[in-house]
Amino acid sequence: MDAPVQRRGRPTLAARVARDYDMRALVLQGGGALGAYQAGVFEGLEEEGLVPDWVAGISIGAFNAALIAGNPPGGRVARLREFWEAVCRSPLWPSWPLWPWWRDLDWPLLVRSGLSGLAAWRALTEGQAGFFVPRVPSPLFQVHRTPATVSWYDTTPLRATLERLIDFDLLNDARRMRVTVGAVNVRTGNFVYFDNTRERLRPEHIMASGALPPGFPAVEIDGEFYWDGGLVSNTPLYQVLTEQGQRHALVFQVDLWPAQGDLPLDMSAVIERMKEIQYSSRTRLVTEYMHRSHRQRRLLHDLLALVPEDRRDDPVYRRAEHEASVALTNLIHLIYRHQPYEGHYKDYEFSEASMRAHWASGLADIRHTLAHHDWLALPIMEHPFVTHDVHRR
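Computed from a prediction, not measured in an experiment: that's the story for all the values here.

## Focus on empty space enclosed by the protein
Next, step 1: Evaluation of the coordinates by the stated rule reveals 2 cavities of 30 Å³ or more.
Next, step 2: As for the largest cavity, its lining consists of Leu-241, Gln-244, Gly-245, Met-290, His-294, Arg-297, Ser-325 and Ala-327.
Next, step 3: Each residue belonging to the lining of the largest cavity can be placed in one class, and the counts come to 3 nonpolar, 4 polar and 1 charged.
Next, step 4: There is about 30 Å³ of room inside the second largest cavity.

## Let's talk about the packing of helix H4 (residues 76–87) against helix H13 (residues 352–370)
Next, step 1: In the contact formed by H4 and H13, the axes pass within 10 Å of each other and the chain directions differ by 150°. When the interaxial angle is binned, H4 and H13 end up roughly antiparallel. Residues Val-77, Leu-80, Arg-81, Trp-84 and Glu-85 of H4 touch H13, and the partners they reach there are Met-355, Arg-356 and Trp-359.
Next, step 2: The residue makeup of the contact of H4 with H13, split by class, is 5 nonpolar, no polar and 3 charged.

## Observations concerning the UniProt feature "short sequence motif: GXGXXG" (unreviewed entry) in the protein chain
Next, step 1: UniProt feature "short sequence motif: GXGXXG" (unreviewed entry): in the numbering of this structure it lies at residues 30–35.
Next, step 2: Annotated as 0% helix and 0% strand, the span residues 30–35 places its first and last C-alpha atoms 7 Å apart.

## Notes on the pattern of salt bridges
Opposite charge on two side chains makes pairing possible when the charged atoms of those side chains draw close.
Next, step 1: Applying the stated criterion to the full structure yields 26 salt bridges.
Next, step 2: A salt bridge links Arg-81 to Glu-43, with the nearest nitrogen and oxygen atoms 3.4 Å apart. Linking Arg-81 in helix H4 with Glu-43 in helix H2 (residues 36–47), this pair joins segments that are 38 residues apart in sequence.
Next, step 3: Exposure remark for Arg-81: the relative accessible area of 29% places this residue in the partly exposed category.
Next, step 4: A salt bridge links Glu-243 to Arg-198; the shortest N-O distance between them is 4.0 Å. Here Glu-243, found in the loop between helix H10 (237–242) and strand E9 (249–255), pairs with Arg-198, found in the loop between strand E6 (191–195) and helix H9 (203–209); they are 45 residues apart in sequence, far enough to count as distant.
Next, step 5: Residue classification places Glu-243 among the partly exposed positions, given a relative accessible area of 30%.

## Describing the packing of aromatic side chains
Next, step 1: One pass over the structure, following the stated rule, counts 16 aromatic pairs.
Next, step 2: On the basis of an interplanar angle of 75° and a centroid distance of 5.1 Å, the ring pair of Phe-131 and Phe-132 is categorised as edge-to-face. The exposure classification of Phe-131 matches that of Phe-132, with both residues buried.
Next, step 3: Judged by centre distance (5.1 Å) and plane angle (75°), the rings of Phe-132 and Tyr-153 are edge-to-face. Note that Phe-132 is positioned in the loop between helix H6 (109–126) and strand E3 (133–134) and Tyr-153 in strand E4 (residues 153–154), a separation of 21 residues in sequence.

## Considering the side chain of Lys-275
Next, step 1: Residue position: Lys-275 is located in helix H11 (residues 267–304).
Next, step 2: Not counting the four nearest positions on each side in its chain, Lys-275 is found in contact with Trp-257, His-344, Asp-347 and Tyr-348.

## Remarks on helix H3 (residues 60–69)
Next, step 1: In terms of burial, H3 is a largely internal element, 10 of the 10 residues being buried.
Next, step 2: Buried within H3 are the following residues: Ile-60, Gly-61, Ala-62, Phe-63, Asn-64, Ala-65, Ala-66, Leu-67, Ile-68 and Ala-69.

## Brief notes about H2
Next, step 1: Between the first and last C-alpha of H2 there are 17 Å, a value that for 12 residues agrees with the 16 Å anticipated at 1.5 Å per step.
Next, step 2: Counting buried residues along H2, 10 of its 12 residues qualify, which places the element largely inside the surrounding structure.
Next, step 3: Where H2 is concerned, the buried positions are Ala-36, Tyr-37, Gln-38, Ala-39, Gly-40, Val-41, Phe-42, Glu-43, Gly-44 and Leu-45.
Next, step 4: The secondary structure elements touched by the buried residues of H2 are strand E1 (23–28), H3, H4, E9, strand E10 (329–335) and H13.
Next, step 5: Of the residues flanking the end of H2, it is Gly-49, one or two places downstream, whose phi is positive at about 75°.

## Describing the nonpolar core
The tendency in soluble globular proteins is for nonpolar side chains to be buried as a group.
Next, step 1: One finds Leu-26, Leu-50, Trp-84, Phe-252 and Leu-376 to be the most contacted residues of the largest nonpolar core, which totals 72 residues.
Next, step 2: When residues in this core are grouped by element, the largest group, 8 residues, is from H3.
Next, step 3: The residues touching Trp-84, leaving out its near neighbours within four places in the chain, are Gly-32, Ala-33, Gly-35, Ala-36, Ala-39, Ile-60, Asn-64, Phe-350, Met-355 and Trp-359.
Next, step 4: By size, the runner-up hydrophobic cluster in this structure holds 14 residues, among which are Val-27, Ala-249, Val-251 and Val-286.

## Side note on the pairing of E1
Next, step 1: Burial analysis of E1 places 6 of its 6 residues in the buried class, which makes it a mostly covered element.
Next, step 2: Burial along E1 is two-sided: the face carrying Met-23, Ala-25 and Val-27 and the face carrying Arg-24, Leu-26 and Leu-28 are both buried.
Next, step 3: Sheet topology note: the E1/E9 ladder contains 6 bridges and is parallel. Its bridge partner being in E9, Val-27 is matched across the sheet by Gln-253.

## So, the packing of H2 against H4
Next, step 1: Following both chains from N to C, one finds H2 and H4 inclined at 165°, their axes separated by 10 Å at the closest point. Relative to H4, the element H2 lies roughly antiparallel. Once H2 is placed against H4, the crossing between them reads as left-handed. Within the contact between the two elements, H2 uses Ala-36, Ala-39, Phe-42, Glu-43 and Glu-46 and H4 uses Arg-76, Val-77, Leu-80, Arg-81 and Trp-84.

Rules used in this analysis
- Residues numbered from 1 in each chain as written.
- Predicted model: local features only at pLDDT ≥ 70, side-chain atom pairs only at ≥ 80, totals over all residues.
- Heavy atoms only, no water.
- 1 Å grid on protein atoms, 1.4 Å probe; cavity = no way out; pocket = protein on both sides within 12 Å on 5 of 7 lines; lining within 4 Å.
- Points joined across faces, edges and corners; volume = space filled by probe spheres on them.
- Nonpolar A, V, L, I, M, F, W, Y, C, P; charged D, E, K, R; others polar.
- Axes fitted to C-alpha atoms, helices over the stretch in contact; angles between N-to-C directions.
- Helix = DSSP H or I, 4+ residues; strand = E, 2+ residues; numbered from the N terminus.
- Parallel < 35°, antiparallel > 145°, perpendicular 65-115°, else oblique.
- Contact = heavy atoms within 4.5 Å.
- UniProt positions renumbered as here; feature names shortened; annotations may be inferred.
- Salt bridge = Lys/Arg side-chain N within 4 Å of Asp/Glu carboxyl O.
- Buried < 20%, exposed > 50% of the residue type's maximum accessible area, 1.4 Å probe, protein only.
- Phe/Tyr/Trp six-rings, centres within 6.5 Å; stacked < 30°, edge-to-face > 60°.
- Expected span 1.5 Å × (residues − 1).
- Core = buried A, V, L, I, M, F, W, Y, C linked by side-chain atoms within 4.5 Å.
- Pairing = 2+ DSSP bridges.
- Left-handed = near helix turned anticlockwise from the far one by under 90°.

Structure below.
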């Protein structure tokens, strides 16, 4: 685990967090091109020395998690930026506009919407450099099909990008940072977590977590084929909280889809709202469930304190003791907020301008969040599970 920096005279925010919490986790939801928001959040965390000791991700969140864990301190933000700049380029011809002064103009909403839609169309027709390209021949005209070729796009370029930007020896050093990524077994339909505390993670584990069909092909790992974990659960939050044990935990949950939204008034808005509900609901469900679970386990602990000493060897007491908990959890929730110019295609709109806007939004949100130093305080025993969200104050 990276050691927090101590500034002169008083402990830093990171030092206070390290003193109060036994575990710092960063949980990253899936969301395709919106994942640059998570990179901005991590940049803000690193600014304050709040580097996690556990990163868990699904889909694009798994890619970001691997880039964080697979690089040394001081080089992680640069690697994230290199990845996002690499995959936000077209493999055929340069993106438009090319000039910074042109890109930074305050374009009218209608123009920005048009440019955003054009970028999404180009991603569908051309692919993205270092990420995916249209499959040739099309899966409709293949003679010899395999689970690894039945998809609209070929993700072979992604493997080369991950191998170039990630040190897999660092990624698999669980003493420095634990890494967990989720995927779905195509044959059994079972959700699985690949974890560097249990196995050696390879590029295919990371790719499997983001293999969203029918766009991307299933990824083979040890004879089984896997798809994007977001098909079952778009966040590994439950996995992190259930493996918390008796440790006090500070968890940064970074979502790319808001649960709340406006009533849709056209078909494009219907598709967008459907995605938001589908990919965000797990976070809300898990948070509510874990809130109740923490209160119940704390109550059980308090009740066990009333049992006389001479009855504590009873097997029932021992089982209850195992289920009881005094762990405290502080969940800091950050959610990407939809921009007016974005459409239902925002998760595959990989323009450089949108990527930079997503990144800047994540950085601004985490800076605003961390300005509330009291939010990072250890919860009290009477409220063992607390949540904070800068957008829902």
